[in-house]
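# Architecture at a glance
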Amino acid sequence: MRYEIRVDGHMSETLAKAFPELEHVMMSGQTVLFGPVVDEAHLYGLLARCRSLGLRVLEMRRVPE
Amino acid sequence: MVSVVSERGDNRPRPPAAGVDPLGDPFLRTRFAVPVRPATFLRRQRLVEHLDQALDTALTMVDGCAGAGKTLLVADWAAHLGRPVAWLTVDACDQAPGVFWAYLLEALRASGADEIRDVGCPADAGAVEHGLLARLAAQLNGRDRPLTVVLDEYDRVTAPEIADQLGFVLHHAGRGLRLVLVTRTEPTLPLHRYRADGTLTEIRDAELAFTPEEAATLLELHGLRLGPDAVRALVERTRGWAAGLRLCALAAQQSSDPGTYLKEFEAGQSTIADFLLAEVLRRQPAPTQDLLLRVSVLDRFCPDLANALAGRRDTGPVLAELHRANAFVEHLGHSWYRLHPLFAEILGAHRRVRFPGLEPELHRRAAEWLRHRGPLSDTLAHGAAAGDWEFTARVLVDDLAIGQFFTGLHSDGLGELFARMPPDTTGPEADLVRAARELSDHDLDHAHVHLEHARRALARAGPGRAAARLSCALLDTLAARLTGAPGRAEHAARTARELRQDLPAELLDRHPELPALLQTHLGAARLWAGHFDEARAALSAAAAGSGGETALPREESLGRLALIDYLTGWPTRAEHKALAALTDAERFSLAEPAGLGLVHLVLAAVAVDRDELDDAQALLDWATAVQPVPPDPVTAASRVIAQARLQLARGQPGTALETAGSTVPAAAASPWAEDHTALVVSDAHLAEGRPETAVKVLEDAVGREAACTVAAARAHLAAGDPDAALDLLDHLPAEEHRGPAVTVRALLARAEAVGRQGDPTTARRLATKALAEARRERLRRPLLEAGPWLRRLLRTDALREPVPGGLTARPESRLRTLPHTARQTALVVEELSGRERDVLRRLARMMSTEEIAADLFVSVNTVKTHLKSAYRKLGVNRRGDAVHRARELRLL
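## Some details on the overall build of chain B
- Helices and strands together make up the secondary structure of chain B, namely 45 helices and 7 strands.
- Overall, chain B is about 120 × 80 × 40 Å in size when its C-alpha atoms are taken along their principal axes.
- Considering only residue pairs separated by 6 or more positions, chain B has 71% of its internal contacts joining residues 24 or more positions apart.
- Summed over all atoms, the accessible surface of chain B reaches about 35700 Å², with 52% contributed by carbon and sulfur.
- With 108 positive and 119 negative side-chain charges, chain B shows a separation of 3 Å between the mean positions of the two kinds.

Set out below in structure tokens:
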């Protein structure tokens, strides 16, 4: 499964390292985290990580392989 | 949720002994404290007013993202409430229901709700007994004024059963409980139902967000004055997010031109907390940055612990200043601090970038510091996080906590923690930990290997390491007991006793479970050897405790004491002890019924003696269900005996013989196991009409075991040899301890023999005496075994007083009097809930459904629901019958 998660604002490089398993790219006031997601547990874990780092998740979607 | 009608008709648990604290940890009291508001906290009246509705609704949910200001809002509200509030900050380790409820109950008690003490306390990490929750709900329901309970960081609770249990308590506590959940995620409670009933107060992100006016005031508190447009822009940029505004204020405060700084921030596109926190952090002096990054591995810290992590001595004033400036650090009271959870997470990201690879070292330092000052569980967690398993195992063993693998709230947690220990960890302590885990899993082979490793390493190490040696002796005693090796158990227990003198009394006092386990294992091993008096001494010592940490050994000991009573012919005493074990287990919510398997076997054997065969079967089934493989030879032999006795009583001597033929593996032989098996075998042969074989089977046992001598006499009678029978009975040694189950059979055998010899008067006198004794103990089986002559004797005699239940009528099932755990079969009579009792009581006063509803402030439908479930529990269909039945069961 591949997912992309859009969060509000430009993330610092430091904070992006909190998602070492994902790549990231900035675009128009948002940061897009993307990459392989192992399973549901991983997916919910990523959401929880966003939440605990105070990130606002705008969109989360599965992307074709 | 069952009737625990014991002899005294008292089914309320005893209050725990004074000073029994399931947490055993004053350090954790910071979790019960209402958090302190910083000087710059802004009280927002609209939110306070909304929260005031929490006093009228069962459930309140303050649901918002990290840093939305939820905790401080509720803390401020609670502090100004002017009535006690129970506060619990949920911890990540509260995932196990038993642990969660132990903390929550402690929080209730800490708030002054003293009546909660009667509720009991879970002693098993993994479970909480339903009866305990029902008692809690009933206690709360009976309060004059509702108790407000705040669960902060409730999002950390992920176990679905905890939400169910909370929902249950909330529902049944009625107006006695006002629950406030502070959470980042929506809890899995049936919120729609509360919403529909209008019993939910909800404060969510949108409401928590700061308005421009509030933001302006907040900034002023930080010494920043901005024009209304600037404030509005800032609120827009941060969406009124409390953490964002707070960081803004801090960052601006530290800049040379706050106004311009904030304008630039507004125009930027950075993620808010991330960016601002980096800004605030950057402006701290380098040593302070270093300190903040280091302590971010800790949940809570005090200056001394922070010193240890930072390698300096002056963090006290720095932390105080950070707290004063409202920068990251929150004060928990008693000089303990924590980082705001959001900031701790982001600081963690910075720490990993700035100090890659430092984390294990920080955990190691924390563990070192905590080892002598903090709770064991925290020390172990940091030791494990540091990956230093040798150290972690040593901390556990040196703290004498090895017994906690087997009993108490920490057993599950310890097992999980050390499951991560890699196989290449060396040291005797690591091997002891492995052996403990294996023994608790009944993996004897591996346990023996690791125990041997530990023993050798300790021998090589020379003198000292008393804690490790004592732990080794404890595990040795257990291993010996499980393999049925009484000699080895005695030796190990002696070693343990000697070693205690080498350890500080204060350390030993903290671990009552250690001697309790030791005495239990020793007593069980002695019981196997047939040394009943010595076994009793050890088991009684183990059964004397009262705390939750000793609940499991206590249950095991009571079960073994009950077995001794049964084996020596005292069924009623055996039953009392077994019931005491069950009641105690229920009180401490022991879900692991490990200690209770034997208890049920003893009850089954007693039930057979009383000819309550269905009950006996149910009890046996239960014992087999909870322990498919008997853990020790005592249990294994007891199961064989009880099972064969039941089959015999059911008229299946062939099956009984088969059962009695199964072998019980053990290192040493057990005289009673052999004798009582021989007894069943002999009885079975007798039942199949082979009296000679029956006599022969008992040849060895006669003279050793009174019950066997009596059985042999009966076999001689069946073979038509009353003289031989009388000869045996005459030589029955006079023994004080012989119980009625033996005496009744001996009297009956003698009566029959004398009768055959043509002395009906003496026969009648003896039979009368036997009947009187049997009646006292409600023993029917010996009377039925005695055969038709007894019936004839009775028929020709005026002495036709009813024997228990009569010789033909079946007594009523006794299972109903057993506590919950005894009857998870179809025979269950559940205990009535507090509400159902309320309804029944009013029913007894001839009130109508409508009147009851009005009196209880509930709807008619609710009353009907309670009635229906009370009917079901009582097994009746009508009001009159329900009242009658409830009175009969002394439930009203």
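## Considering the overall build of chain A
- A tally of regular secondary structure across chain A gives 2 helices and 4 strands.
- Of the regular secondary structure in chain A, the N- to C-terminal order runs β-α-β-β-α-β.
- Expected size for 65 residues packed as a compact globule is a radius of gyration near 11 Å; at 11 Å, chain A falls within 12% of this value.
- Projected onto its principal axes, the C-alpha coordinates of chain A cover approximately 25 × 25 × 20 Å.
- Across the 65 residues in chain A, those meeting the buried criterion constitute 42%.
- In chain A, of all internal contacts separated by at least 6 residues, the share reaching a separation of at least 24 is 62%.
- Within the structure as shown, chain A displays about 3400 Å² of accessible surface, and the carbon and sulfur contribution to it stands at 55%.

## Quick look at the domain arrangement of chain B
Residues and elements named next belong to chain B.
- Examined at the domain level, chain B breaks down into domain 1 (39-208), domain 2 (212-282), domain 3 (286-368), domain 4 (388-529) and domain 5 (829-888).
- Distance between the C-alpha centres of domain 2 and domain 3: 25 Å.
- Counting residues at the interface gives 13 residues for domain 2 and 14 residues for domain 3.
- Contact between domain 2 and domain 3 buries roughly 1100 Å² in total, counting both sides, with carbon and sulfur atoms accounting for 72%.
- Looking only at domain 2, the three residues that lose the most surface to domain 3 are R246, L277 and L281, adding up to 57% of its buried area.
- At the surface where domain 2 touches domain 3, the tally comes to 2 residue pairs in polar contact (both at pLDDT 80 or more).

## Some details on the interface of chain A and chain B
- Listed by partner, the interface residues are 17 residues for chain A and 16 residues for chain B.
- For the chain A and chain B pair, buried surface summed over both sides reaches about 1400 Å², with 58% attributable to carbon and sulfur atoms.
- Interface area lost by chain A to chain B is led by A:T14, A:R51 and A:S52, which between them contribute 38%.
- At the junction of chain A with chain B, the criterion picks out 1 salt bridge.
- Put simply, B:R239 and A:D8 hold a salt bridge, and the shortest N to O gap is 3.5 Å.
- The tally of links from chain A across to chain B stands at 4 residue pairs in polar contact (both at pLDDT 80 or more).
- When residues of the side of chain A that touches chain B are traced back to their parent elements, those giving at least two are α1 (13-16) and α2 (40-52) of chain A.

## Brief notes about the nonpolar core
- Membership of the largest hydrophobic core comes to 78 residues, with the highest contact counts inside it found for A:F19, B:F328 and B:L339.
- Looking at this core, you find at least three residues from each of domain 2 (212-282) and domain 3 (286-368) of chain B.

## A short note on the environment of B:I162
Residue and element names in this part refer to chain B.
- By secondary structure assignment, the location of I162 is in helix α5 (residues 160-173).
- Considering only alpha carbons, one finds I162 and G720, 558 residues apart in sequence, at a separation of 67 Å.
- Among all residues touching I162, those that are not within four sequence positions of it are D94, Q95, A96, P97, F100 and V157.

## Observations regarding helix α42 (residues 834-844) of chain B
Residue and element names in this part refer to chain B.
- Across the 11 residues of α42, 8 count as buried, placing the element largely inside the fold.
- Among all positions of α42, only R835, E836, R837, D838, V839, L840, R842 and L843 are buried.
- One or two residues past the end of α42 sits M846, with phi positive at roughly 65 degrees.

## Describing the packing of aromatic side chains
Residues and elements named next belong to chain B.
- Taken as a whole, this structure holds 7 aromatic pairs over all chains when the rule is applied.
- Aromatic pair W528 and W672: ring centres 5.9 Å apart, planes at 85 degrees, arrangement edge-to-face. Highlighted residues: W528 in helix α26 (residues 513-529) and W672 in helix α34 (residues 671-687), separated in sequence by 144 residues. One exposure class covers both W528 and W672, and it is buried.
- Feature note: the residues W389, F405 and F418 constitute an aromatic cluster, connected by ring pairs.
- Over the face of the ring belonging to F265 we find R237, whose NZ or CZ atom lies 4.6 Å from the ring centre.

## Digging into the environment of B:F41
Residue and element names in this part refer to chain B.
- Assignment of secondary structure puts F41 in the segment before α1 (45-52).
- Accessibility expressed as a relative area gives 21% for F41, which makes it partly exposed.
- Taking the C-alpha atoms as reference points, F41 and A249, separated by 208 residues in sequence, lie 13 Å from one another.
- Look past the residues within four positions of F41 in its chain and what remains in contact with it is L72, L73, D76 and L221.

## Topic: the pairing of strand β7 (residues 336-339) of chain B
- Every second residue of β7(B) is oriented toward a common face, with B:W336 and B:R338 on one face and B:Y337 and B:L339 on the other, all of them buried.
- In textbook terms, the turn of a hairpin is the stretch between consecutive antiparallel strands, and for strand β6 (residues 329-333) of chain B and β7(B) this stretch comprises 2 residues, one of which, B:H334, has a positive phi near 55 degrees.

## Side note on empty space enclosed by the protein
All names here are of chain B.
- A complete count under the given rule lists 11 cavities of 30 Å³ or more for this structure.
- Volume-wise, the largest cavity comes out at about 480 Å³.
- Elements represented by at least two residues in the lining of the largest cavity include exactly α2 (70-79), β4 (177-183), α10 (242-254), β6 and α16 (341-354).
- The dominant element in the lining of the largest cavity, judged by the number of residues it contributes, is α2, at 4 residues.
- Among the residues forming the lining of the largest cavity, the class breakdown is 19 nonpolar, 8 polar and 9 charged.
- By volume, the second largest cavity is sized at about 260 Å³.
- Lining the second largest cavity are 17 residues, with R645, H676, L679, A707 and R745 positioned closest to its centre.

Calculation criteria
Residues numbered from 1 in each chain as written. Chains lettered and ligands numbered in written order. Predicted model: local features only at pLDDT ≥ 70, side-chain atom pairs only at ≥ 80, totals over all residues. Heavy atoms only, no water. Helix = DSSP H or I, 4+ residues; strand = E, 2+ residues; numbered from the N terminus. Contact = heavy atoms within 4.5 Å. Areas by Shrake-Rupley, 256 points an atom, 1.4 Å probe, with all protein chains shown as cover. Lys, Arg positive; Asp, Glu negative; His and termini not counted. Charge placed at Lys NZ, Arg CZ, Asp CG, Glu CD. Rg over C-alpha atoms; globule rule 2.2 N^0.38 Å. Buried < 20%, exposed > 50% of the residue type's maximum accessible area, 1.4 Å probe, protein only. Domains from an automatic or database assignment. Buried area = accessible area lost by both parts, 1.4 Å probe. Polar contact = N/O pair within 3.5 Å; in protein donor to acceptor, adjacent residues only side chain to side chain. Salt bridge = Lys/Arg side-chain N within 4 Å of Asp/Glu carboxyl O. Core = buried A, V, L, I, M, F, W, Y, C linked by side-chain atoms within 4.5 Å. Phe/Tyr/Trp six-rings, centres within 6.5 Å; stacked < 30°, edge-to-face > 60°. Lys NZ or Arg CZ within 6 Å of the ring centre and 35° of its normal. Pairing = 2+ DSSP bridges. 1 Å grid on protein atoms, 1.4 Å probe; cavity = no way out; pocket = protein on both sides within 12 Å on 5 of 7 lines; lining within 4 Å. Points joined across faces, edges and corners; volume = space filled by probe spheres on them. Nonpolar A, V, L, I, M, F, W, Y, C, P; charged D, E, K, R; others polar.

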